[in-house]
Amino acid sequence: MEAVLRDSRYVHNGWKILDGVACLLMIPFQHVISLTISSFVFTCHDKQSIIQRIVRYLLVCPLMILLSLVLLPFGTIGYVIWMLINALADVQPFVYACPLGEMQSGRKKFSNKITVCSSNVCICPEYIVRINNQRSVYWRSGEIGKRLLNQDSSLNKQNLSPKVSRENVILTELPDVDVIMLQEVLERIFGYQMYRLLRDKYPYCLYDVGCHTFLGNHGGLEISPMKKKMVWWMPRSDAPSKKRFVYSIKISNKESSVSPIFVCKWLWPFCKFGHIDSKDLGLVVKNGKELHAVGYFADMHAQAFQGKDKVVAHQLQEAEKLVKRFIEDTTVEDELVVCTVLGGDFNCDNMSPGDEATQNSPIWDQYEDPCRERAGEDKPWTIGTEHRQPKMNHPFVQDSHEFRRILLDDVQRRYFILDADVQEQTMELMTCGPKPDSNGNVTATKWGGRRRIDHLLCHKESLLSPTGFWFSTVIAGLTDHIPVVLMLELTKEHYD
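Remember, predicted model here, so these are calculated numbers, not experimental data.

Describing the packing of helix H1 (residues 13-38) against helix H6 (residues 188-198)
Relative to each other, H1 and H6 sit at 105 degrees, their axes nearing to 11 Å. As judged from the angle between their axes, H1 and H6 are roughly perpendicular. Contact residues: Asp19, Cys23, Ile27 and His31 in H1; Arg188, Ile189 and Phe190 in H6. Here the residues of the contact of H1 with H6 sort into four nonpolar, one polar and two charged.

Have a look at this one:
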């Protein structure tokens with residue numbers, strides 16, 4: 001008999017009702033506070049006029065402050081209720097969304113292809129969004145969900161051999177994607193909104209992934225849904241450990257000097273998935289034996305602005321060990337693991353001197369990055385994925401086709417994407433521009449516009465191998481990261 005995932009964080013409906021009451025009391029107050037702070041933060045998209053500043057300071061801000069004071073008692077009560085629930089109840093650290101009706105299909109042979117997308121979407125409280133020089137989260141969240149469905153199956157073509165061209169790896173759309181992993185979906189209502197926008201194609205989803213305590217609130221990740229007829233699955237009751245199909249791992253950054261309340265731990269979901277009726281991805285014949293194909297995915301978001309500390313290297317090393325343990329705990333004899341994928345915003349690149357510790361991490365002995373040549377050197381066709389935030393609202397960034405043209409140009413790209421010459425991860429990265437040469441000119445360089453911090457890695461022992469990789473401008477102008485896509489395929493020699 002199999003365990004059942006909850007579509008709520010709580011076992012009992014009483015806790016669920018109390019949680020709903022707490023949210024109704026808290027959410028209006030939280031958003032009004034966020035909007036109040038936002039009144040003092042101007043982005044490049046705003047009109048920098050005296051009249052606009054006067055309206056904000058003398059009209060909008062006082063109204064927001066007054067409304068905050070009115071809502072303060074309700075928000076306080078809601079927050080106390082919510083924190084007590086999280087302290088006392090058996091809390092599942094995510095919400096599992098699934099269709100009401102079961103989809104049925106016959107047993108089938110495993111498809112030889114899986115495509116994965118990872119994107120940091122910066123769906124955060126409004127004041128954080130504005131500090132990052134981005135437009136309103138209330139508009140962007142809906143637009144991101146819609147554009148992520150802008151997919152074309154004809155793009156799912158091998159492009160990693162024999163010779164990769166930059167023309168072939170930068171797309172204005174997405175290929176047909178099986179798994180979407182998102183980072184920085186920091187509020188429950190936005191996670192639910194994203195699920196509603198995507199659920200026609202992706203009916204299964206983990207969102208509101210996070211751990212909430214009196215010491216801090218962590219999370220903001222979303223393992224976005226599998227395709228139709230696919231589901232995240234718990235192992236059978238005869239599995240050795242009888243553990244859940246999801247590990248929600250708290251990765252500590254014990255080497256960091258940064259305040260532990262805010263960044264000490266990140267909650268990363270490690271997931272096993274399979275087909276709904278056969279509890280696998282299909283059937284694979286290996287050495288004359290019929291096996292159930294399963295796969296594992298980890299959505300990760302490492303710490304930003306680690307300074308002189310080696311936090312990210314520690315987090316990656318710890319994550320690699322925990323994923324290995326998770327697979328050992330949840331795989332049974334008649335299953336075949338066809339892929340293990342680690343993806344997300346690693347907040348480190350493979351070229352910058354300041355990221356040398358992560359470039360030489362033991363994780364690269366186990367996982368393959370199709371964009372990586374060796375430690376300290378990327379493949380020549382790669383580009384960076386982290387925007388220069390002051391340029392987020394430039395007209396060239398708003399259009400997916402125009403932004404693609406910018407990314408293909410080794411000089412223009414430097415004005416919009418961070419260079420991979422970072423000496424130390426500090427908050428200066430939020431405001432810096434491209435460094436000119438000795439003559440004062442911005443020219444093409446080996447590391448120019450190539451700070452690639454969004455990664456998709458495949459375990460080297462996976463039966464599926466990387467055959468395609470893309471950078472996509474599909475959500476151009478909506479976030480400060482470029483989505484990355486990895487296609488894995490099962491080669492013929494793995495079948496009998």
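Focus on the pairing of strand S13 (residues 289-301)
Most of S13 is tucked away: eleven of the 13 residues are buried. When strand S12 (residues 283-286) meets S13, the two strands line up antiparallel, connected through four bridges. The residue of S13 that forms the bridge with Val285 is Glu290. Connecting S12 to the next strand, S13, in antiparallel fashion are two residues, including Asn287 with a positive phi near 55 degrees. Bridge count between S13 and strand S14 (residues 335-345): ten bridges; the pairing is parallel.

Here's the deal with the packing of helix H4 (residues 137-147) against H6
For the pair H4 and H6, the least separation of the axes is 8 Å and the interaxial angle reads 30 degrees. Judged by the inter-axis angle, H4 sits roughly parallel to H6. The handedness of the crossing between H4 and H6 is right-handed. Counted together, Val137, Tyr138, Ser141, Gly142, Ile144, Gly145 and Lys146 of H4 and Phe190, Gln193, Met194, Leu197 and Leu198 of H6 form the full contact between these two elements. Along the lines of polarity and charge, the residues of the contact of H4 with H6 split into seven nonpolar, four polar and one charged.

Some details on the side chain of His481
Relative to the helices and strands, His481 is located in the loop between strand S19 (464-472) and strand S20 (484-490). Once you skip the residues sitting within four places of it in the chain, His481 turns out to touch Asn120, Asp345, Thr385, His387, Ile453 and Asp454.

Re the pattern of salt bridges
Going through the model one piece at a time under the given rule, you end up with 21 salt bridges. With a closest N to O distance of 3.0 Å, Asp208 and Arg9 form a salt bridge. Taken together, the residues span a long stretch of sequence, with Asp208 in strand S7 (residues 205-213) and Arg9 in the segment before H1 at a distance of 199 residues. Overall, Asp208 belongs to the buried group, its relative accessible area being 12%. Across the pair Lys201 and Asp176 runs a salt bridge, and its minimum N-O distance is 2.5 Å. Linking Lys201 in the loop between H6 and S7 with Asp176 in the loop between strand S5 (174-175) and strand S6 (179-185), this pair joins segments that are 25 residues apart in sequence. Residue class for Lys201 comes out partly exposed when judged on its relative accessible area of 24%.

Considerations on the pairing of S19
The buried fraction of S19 is high, at eight of nine residues. Two strands pair when backbone bridges link them, and strand S4 (residues 170-171) and S19 are joined in this way by two bridges, in the parallel orientation. Within S19, the residue paired with Leu171 across the bridge is Ser472. Sheet analysis places S19 next to S20, joined by seven bridges and oriented antiparallel. Within the sheet, the bridge partner assigned to Gly468 lies in S20 and is Met487.

Criteria and cut-off values
- Residues numbered from 1 in each chain as written.
- Predicted model: local features only at pLDDT ≥ 70, side-chain atom pairs only at ≥ 80, totals over all residues.
- Heavy atoms only, no water.
- Axes fitted to C-alpha atoms, helices over the stretch in contact; angles between N-to-C directions.
- Helix = DSSP H or I, 4+ residues; strand = E, 2+ residues; numbered from the N terminus.
- Parallel < 35°, antiparallel > 145°, perpendicular 65-115°, else oblique.
- Contact = heavy atoms within 4.5 Å.
- Nonpolar A, V, L, I, M, F, W, Y, C, P; charged D, E, K, R; others polar.
- Buried < 20%, exposed > 50% of the residue type's maximum accessible area, 1.4 Å probe, protein only.
- Pairing = 2+ DSSP bridges.
- Left-handed = near helix turned anticlockwise from the far one by under 90°.
- Salt bridge = Lys/Arg side-chain N within 4 Å of Asp/Glu carboxyl O.

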